[in-house]
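# Fold and contact review
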Amino acid sequence: MKVKATNGLARILKAEGVPWVSTFPVSGMNNALGEEGVPIIMMRDERYAVAIADAFSRVTCGKKIGVCTVMGGVNPAGLQVAYGAIAQAFEDGSPLICITDGVPLGASGNSHYDMDLGLKSVTKWIGHIDMPHRVPEIMRRAFTYARSGRPGPVLVTIPGRGFGEYDEDEYPYTPVKGWKWAPDPEDVKAAVKTLLVAKKPLLFVGEGVFRADATDELLKFVEMAQVPVLTTLKGKSAFPENHSLSIGVRGELADSFLHSCDLLFAIGSSLSPGRFGQTIPDAGHKTIVQCTINELDVNKSYKVDHAVVGDAKFTLQALIDELSRQTGGGVKSNQTLINEIKAGKKQLSVKYGPLMESDDKPINPYRVYGDLMKTIDLNSSFVTHESGNTRDQSSTVYEAVIPRGYLGWGNVSTLGFSLAATIAAKLAYPERQCVALTGDAGVGYMLGNLEALVRYNIGITIIHINNGGFAGYGPGFWGEGHDPYTFVVSEHSVANYSEAVKNLGFYAEYISEPSEIIPALKRAFAENAQNRPAYLEFACSKYPVFGSWVTK
Ligand SMILES: Cc1ncc(C[n+]2csc(CCOP(=O)(O)OP(=O)(O)O)c2C)c(N)n1
Ligand SMILES: [Mg+2]
């Protein structure tokens, strides 16, 4: 049976279980999506169209692939704006499929911009559908690459609207499962042997565990091996942070374990010391085991003693079996270790506990996080941060107890992503309370897109920590800082964000009394339950105190 090529492509997306396609605002695909009944989520710019597809892949842990469409062709304004979001997905290893209009035959060289050159360095693959019957072939490849190996964004171009027909019987499509591989059993043996002889092993868990949907296996392995667990920012919530073996992400406890460990056993981490991650101190005198899907990360920043290359789920299953074999069922509980972790956590609560109870005015931002944790159901919620203090502070104190109860993000940390992440989380888990924590700069990126949440009845809460400036950019961080030149933004009496957002159709409040935080959160969550988005603007102080990273 003949089908219009764009409609054939839309049917393929349905067959692949793509629940919706994000966009801004048109592409050669969009009418076909409508005709085939694929819901469209139209954001207000391409950056967010791409970012919610990216975030959907992140929060669904590799089970779903986010798909978006943007304008391309000889006027690729859309694709050019989308670049930043695609680059972010590439940097963070997030699979998504971005479909755009290609340059029509006969029009090459018409524009100064070369799409392939522009996007090649930030995509895993670019596929051009240049003939109608190639729709199934190119989409098969797109889903294969999105679902296999190290994840990353894929770009697919189509010739534009109504580019012909193909015969679905002659060119049938079968959904692609994606292929993963298990590690070499000898490497697994060596890794477990190394673990068992270590005096102070430390498990270093990255986002690869999420990508492989392996959080259950991780818990089992940790309990059998009785090792302390540090997660990276992107790995936060892969392991329950209220567990007696969790040492969190950053700060003094993490610092102490990173320094004292003799074996750093990494799972699902590239071990890239970045601005938002740990460096391994004295790495030359520690043993390093690295379990990763990506051979390009092995021996990259550090000499790796044992690499275990494969999908994190298969790797953890193999580690569990091997550990069981070498120990006869697991290692017995190590009370000294558990006591050490408990004492370290107690010290942290002495430092941060009073801040989370603070009655200070302007409000201490930790009081907002503390009250949020008291109000939200940690077992059925999603919280994410922005670039800036909300990331640094919440990743220090927020206790995530379920997988993706907290989304940490950012090798690069592109401001504004928390909105996309929270929308995607709400679409993936409608039953969860979904919250974005943002500073002042993140809000600047989001504002134009907020209308879409009202249009689609997306009941999430945005918490705006309004501290009147870019707190990390004041004196200290950049030497003398960017104060007073590029640091302070208008105060609430001049720029009233909650009022502006209320006028967009949100439930919105401005809160300056600490005692009003919990009641305001409850009101916002009640509105969310009616599928209405909420925006809470808190009058906060600049309080740039948070757990540090080990930097050398
Ligand atoms: C797209 C983008 N540009 C620049 C940055 C660098 N950056 C990181 S945080 C920040 C300012 C954050 O200020 P604010 O949102 O007020 O948060 P605060 O730290 O005050 O809570 C900037 C400019 C970035 N992360 N992303
Ligand atoms: Mg700020």
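Residues numbered from 1 in each chain as written. Chains lettered and ligands numbered in written order. Predicted model: local features only at pLDDT ≥ 70, side-chain atom pairs only at ≥ 80, totals over all residues.

The next subject is the overall build of the protein. Across its full length, the protein carries 19 helices and 19 strands. Across its three principal axes, the protein shows a C-alpha extent of roughly 70 × 65 × 45 Å. Here the protein holds 552 residues, and the buried ones make up 53% of them. Taking the contacts inside the protein whose residues are at least 6 apart along the sequence as the reference set, 76% of them involve residues at least 24 apart. (Helix = DSSP H or I, 4+ residues; strand = E, 2+ residues; numbered from the N terminus. Buried ≥ 20, exposed ≤ 12 C-beta atoms within 10 Å, placed from the backbone. Contact = placed C-beta atoms within 7 Å.)

Moving on to the site of ligand 1. As a matter of local geometry, ligand 1 sits amid 18 residues, with Gly 388, Asn 389, Gly 439, Ala 441 and Ala 471 nearest to it. If you list the elements that add at least two residues to the shell around ligand 1, you get helix 14 (389-397) and helix 16 (440-446). Counting residues per element, the shell around ligand 1 draws most heavily on helix 16, at three residues. In terms of residue class, the shell around ligand 1 is made up of six nonpolar, 10 polar and two charged. (Near = placed C-beta within 6 Å. Nonpolar A, V, L, I, M, F, W, Y, C, P; charged D, E, K, R; others polar.)

Take the domain arrangement of the protein next. Looking at the protein, the domain boundaries give domain 1 (2-167), domain 2 (185-339) and domain 3 (357-539). Just the C-alpha atoms count here: the centres of domain 2 and domain 3 sit 31 Å apart. Each partner contributes to the interface: domain 2 provides 16 residues, whereas domain 3 provides 15 residues. Classifying every residue of the side of domain 2 that touches domain 3 by side-chain character gives six nonpolar, six polar and four charged. (Domains from an automatic or database assignment.)

For the rest of this paragraph, the subject is the pairing of strand 9 (residues 201-205). Counted residue by residue, strand 9 has five buried out of five residues, so it is predominantly covered. Of the two faces of strand 9, the one lined by Pro 201, Leu 203 and Val 205 and the one lined by Leu 202 and Phe 204 are each fully buried. Looking at chain direction, strand 9 and strand 11 (residues 263-267) are connected through five bridges and run parallel. Note on strand 11: the bridge partner recorded for Leu 203 is Phe 265. When strand 9 meets strand 10 (residues 229-231), the two strands line up parallel, connected through three bridges. Among the inter-strand pairings, Leu 203 is bridged to a residue of strand 10, identified as Val 229. (Pairing = 2+ DSSP bridges.)

Residues Val 50, Ile 52, Val 67, Ile 97, Cys 98, Ala 420 and Ala 424 are the most contacted members of the largest nonpolar core, which totals 108 residues. Discounting chain neighbours no more than four positions away, the residues touching Ala 420 are Tyr 48, Ala 51, Ile 52 and Ala 55. With 52 residues, the next largest nonpolar core counts Val 222, Ala 254, Leu 316 and Ala 318 among its residues. (Core = buried A, V, L, I, M, F, W, Y, C linked by C-beta atoms within 7 Å.)

Our focus in this paragraph is the sheet that holds strand 17 (residues 461-466). With parallel pairing, the six strands of this open sheet are ordered in space as 15-14-16-17-19-18. The open sheet terminates on both sides in strands that have one partner only, identified here as strand 15 (406-407) and strand 18 (507-511). In this sheet, strand 15 lies alongside strand 14 (residues 381-384) in parallel orientation, the contact comprising two bridges. Of the residues in strand 15, the one forming a bridge with Thr 384 is Leu 407.

It is worth spelling out the sheet that holds strand 4 (residues 66-70) at this point. An order of 3-2-4-5-7-6 is seen for the six strands of this open sheet, with the pairing classed as parallel. The sheet terminates laterally at strand 3 (40-42) and strand 6 (125-128), the two strands that pair on one side only. Across this sheet, the average inter-strand angle for adjacent strands is 25°, counted without regard to direction. Bridge count for strand 6 against strand 7 (residues 153-158) is four bridges, and the pairing is parallel. Each residue of the ladder has a partner; that of Trp 125, found in strand 7, is Val 154. Packed on one face of the sheet, helix 4 (residues 77-91) meets strand 2 (21-24), strand 4, strand 5 (96-101) and strand 7 and runs near 165° to strand 5. (Axes fitted to C-alpha atoms, helices over the stretch in contact; angles between N-to-C directions.)

Now for unusual backbone geometry. Backbone torsion omega between Lys 361 and Pro 362 reads -10°, so that peptide bond is classified as cis. Note on placement: Pro 362 falls in the loop between helix 12 (335-356) and helix 13 (365-375). With a phi close to 55°, Gln 226 is a non-glycine residue in the positive phi region. Note that Gln 226 resides in the loop between helix 9 (215-225) and strand 10. Since 17 C-beta atoms lie within 10 Å of it, Gln 226 is described here as partly exposed. Here Asn 299, not a glycine, exhibits a phi torsion of approximately 60°, which is positive. Along the chain, Asn 299 falls in the loop between strand 12 (287-292) and strand 13 (306-309).

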